[in-house]
Amino acid sequence: MTAVHDPTAARDTDAALLAGRYGSVPGTTPEVTDVIRQQLAHRSVRSFRTDPVSDAAVEAVVAAAQSAPTSSNLQTWSVVVVRDPDLKDRLAALSGDQEFIRQAPVFLVWLVDFARIAQLADRRGHGLEGADYVESALVGFVDVSLAAQNASLAAESLGLGTVFVGAARNNPEELAAELRLPGRVVAAFGLAVGYPAESDTSRVKPRLPQVAVVHHDRYQEHTQLPAVDEYERTIGAFYEGEGLAHSWIERVLARFGTVAGLNGRDRIGEALRNRGFDLR
Ligand SMILES: Cc1cc2nc3c(=O)[nH]c(=O)nc-3n(C[C@H](O)[C@H](O)[C@H](O)COP(=O)(O)O)c2cc1C
């Protein structure tokens with residue numbers, strides 16, 4: 001018997017996904033596809049089963065990453081697939097001592113990589129002056145981010161869970177030594193990958209209302225604070241369910257209000273220079 005497509009049930013599912021993303025049932029009916037459903041269901045996972053992640057799965061995830069657009073096809077990124085438990089343990093210690101890094105069977109370290117280009121310039125006896133500009137580093141950071149998000153979505157489509165790890169930038173030089181990174185290569189972030197633990201309780205975290213982030217033709221400043229106040233209530237209810245402090249506004253200000261909020265990453269400029277990015 002062929003399955004009967006039930007448009008009402010599909011609409012209910014989509015409305016539930018959108019309600020999860022915004023914390024309330026939307027008044028509109030956006031067009032939703034399977035890819036968008038996958039994206040709407042995203043949640044960071046921080047507890048993993050011990051089941052291994054196959055090489056075939058990792059290869060698929062990397063192929064998805066490489067399918068992302070890349071500035072001028074320059075492909076200024078690489079990724080280290082870390083499975084060795086001892087190495088993962090040391091990387092975890094360098095990355096905010098986050099236990100889920102040890103637990104995840106695979107820790108992907110995403111790199112901005114100008115070493116490949118330096119090698120080919122060297123072989124041709126060609127200069128590389130243009131690489132030492134903030135713009136070029138931005139190209140690398142943008143491209144590696146697009147690639148890694150493609151990877152994360154692909155992993156989720158395989159039933160895996162992921163969480164990004166910006167704390168991989170807490171100790172760039174030590175992390176580079178552990179991974180034997182050459183000069184002109186620096187870690188942008190990590191991505192812990194594994195099958196979500198049975199006990200995993202992570203939920204879809206609501207985002208700001210669209211009115212805060214979408215502008216039509218011209219930027220609108222006056223929509224921001226009312227939208228933030230609305231979000232403060234929505235995310236407050238979410239955080240309450242997680243047993244966390246309720247205020248998003250306080251979280252944002254704790255992160256950006258003082259240098260201490262950068263958790264030591266205020267020295268990233270110096271770390272980049274130490275990694276061979278002599279930026280102007
Ligand atoms: C670049 C980046 C770095 C992140 N670093 C960390 C991290 O070090 N530790 C962590 O627990 N979560 C980290 N996260 C996950 C965010 O906290 C998470 O994406 C955000 O709270 C939204 O939750 P959601 O992904 O479940 O929707 C990071 C996310 C991004 C995009």
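Residues numbered from 1 in each chain as written. Predicted model: local features only at pLDDT ≥ 70, side-chain atom pairs only at ≥ 80, totals over all residues. Heavy atoms only, no water.

Engineer: How would you sum up a nonpolar patch on the surface? Please name residues and give values.
Structural biologist: A surface patch of nonpolar side chains, amounting to about 310 Å² of accessible area, comprises Val-134, Leu-138, Val-142 and Leu-146. As for its position among the elements, Leu-138 is in helix α7 (residues 134-157). With a relative accessible area of 46%, Leu-138 lands in the partly exposed category. (Patch = residues over 30% accessible without salt bridge, like charges linked within 9 Å, V, L, I, M, F, W, Y side chains within 5 Å. Areas by Shrake-Rupley, 256 points an atom, 1.4 Å probe, with all protein chains shown as cover. Salt bridge = Lys/Arg side-chain N within 4 Å of Asp/Glu carboxyl O. Helix = DSSP H or I, 4+ residues; strand = E, 2+ residues; numbered from the N terminus. Buried < 20%, exposed > 50% of the residue type's maximum accessible area, 1.4 Å probe, protein only.)

Engineer: For the pairing of strand β3 (residues 161-165), give the residues involved together with the corresponding values.
Structural biologist: A large share of β3 lies buried, amounting to four of its five residues. Strand direction decides the pairing type here: β3 and strand β4 (residues 185-194), joined by five bridges, are antiparallel. Opposite Thr-162, over in β4, you have Val-193 as the bridge partner. (Pairing = 2+ DSSP bridges.)

Engineer: How would you summarise the packing of aromatic side chains if you had to cite specific residues and measurements?
Structural biologist: As enumerated under the stated definition, the model contains five aromatic pairs in all. On the numbers, 5.5 Å between centres and 45 degrees between planes, the contact of Trp-77 with Trp-110 is tilted. With a gap of 33 residues between them, Trp-77 in strand β1 (residues 77-82) and Trp-110 in strand β2 (residues 106-113) connect regions that are remote in the sequence. As far as burial versus exposure is concerned, Trp-77 and Trp-110 are alike and both buried. Their ring planes at 65 degrees and their centres at 5.3 Å tell us that Phe-164 and Phe-189 sit as a pair that is edge-to-face. Here the residue Phe-164 occupies a position in strand β3, and Phe-189 occupies one in strand β4, the gap between them amounting to 25 residues. The class of Phe-164 is partly exposed, set by a relative accessible area of 33%. The positively charged end of Arg-251 is found above the aromatic ring belonging to Tyr-239, 4.0 Å away from the centroid. (Phe/Tyr/Trp six-rings, centres within 6.5 Å; stacked < 30°, edge-to-face > 60°. Lys NZ or Arg CZ within 6 Å of the ring centre and 35° of its normal.)

Engineer: I'd like a rundown of the nonpolar core, residues and numbers included.
Structural biologist: Within the largest apolar cluster, 27 residues are counted, with the highest numbers of intra-cluster contacts made by Val-53, Leu-108, Trp-110, Val-112, Val-144 and Val-193. Residue assignment for this core shows that the elements contributing at least two residues are α3 (55-66), β2, α7 and β4. Not counting the four nearest positions on each side in its chain, Val-112 is found in contact with Thr-76, Gly-140, Phe-141, Val-144, Arg-184, Val-185, Val-186, Ala-188 and Phe-277. Listed in part, the 25 residues of the second largest apolar core include Ala-104, Val-165, Ala-168 and Ala-192. (Core = buried A, V, L, I, M, F, W, Y, C linked by side-chain atoms within 4.5 Å. Contact = heavy atoms within 4.5 Å.)

Engineer: Can you explain the sheet that holds β3? Please cite residues and give values.
Structural biologist: Strand order in the open sheet made by the four strands is β1-β2-β4-β3, with antiparallel pairing throughout. With partners counted over all chains shown, the strands left at the sheet margins are β1 and β3, one partner each. The average undirected angle you get between the axes of adjacent strands in this sheet is 25 degrees. The pairing of β2 with β4 spans eight bridges and is antiparallel. The partner of Asp-113 across the bridge, within β4, is Val-185. Packing against the sheet, α7 makes contact with β1, β2, β3 and β4, and its axis sits at approximately 10 degrees to β4. (Axes fitted to C-alpha atoms, helices over the stretch in contact; angles between N-to-C directions.)

Engineer: So what's going on with the pattern of salt bridges? Residues and values would help.
Structural biologist: When charged atoms on two side chains of opposite charge get close, those side chains can pair. Under the defined criterion, the tally for this structure stands at 14 salt bridges. Between Glu-178 and Arg-90 there is a salt bridge, and its shortest N-O distance comes to 3.0 Å. With Glu-178 in helix α8 (residues 172-179) and Arg-90 in helix α4 (residues 85-94), this residue pair connects regions lying 88 residues apart in the sequence. A relative accessible area of 26% places Glu-178 in the partly exposed class.

Engineer: I'd like a description of the environment of Glu-178, backed by residues and values.
Structural biologist: In this structure, the C-alpha to C-alpha distance between Glu-178 and Val-259, residues 81 residues apart in sequence, is 27 Å. Discounting chain neighbours no more than four positions away, the residues touching Glu-178 are Leu-87, Arg-90, Leu-91 and Leu-94. Within polar-contact distance, the side chain of Glu-178 engages the side chain of Arg-90 at 3.0 Å. (Polar contact = N/O pair within 3.5 Å; in protein donor to acceptor, adjacent residues only side chain to side chain.)

No statement about biological role is implied by the geometric values presented.
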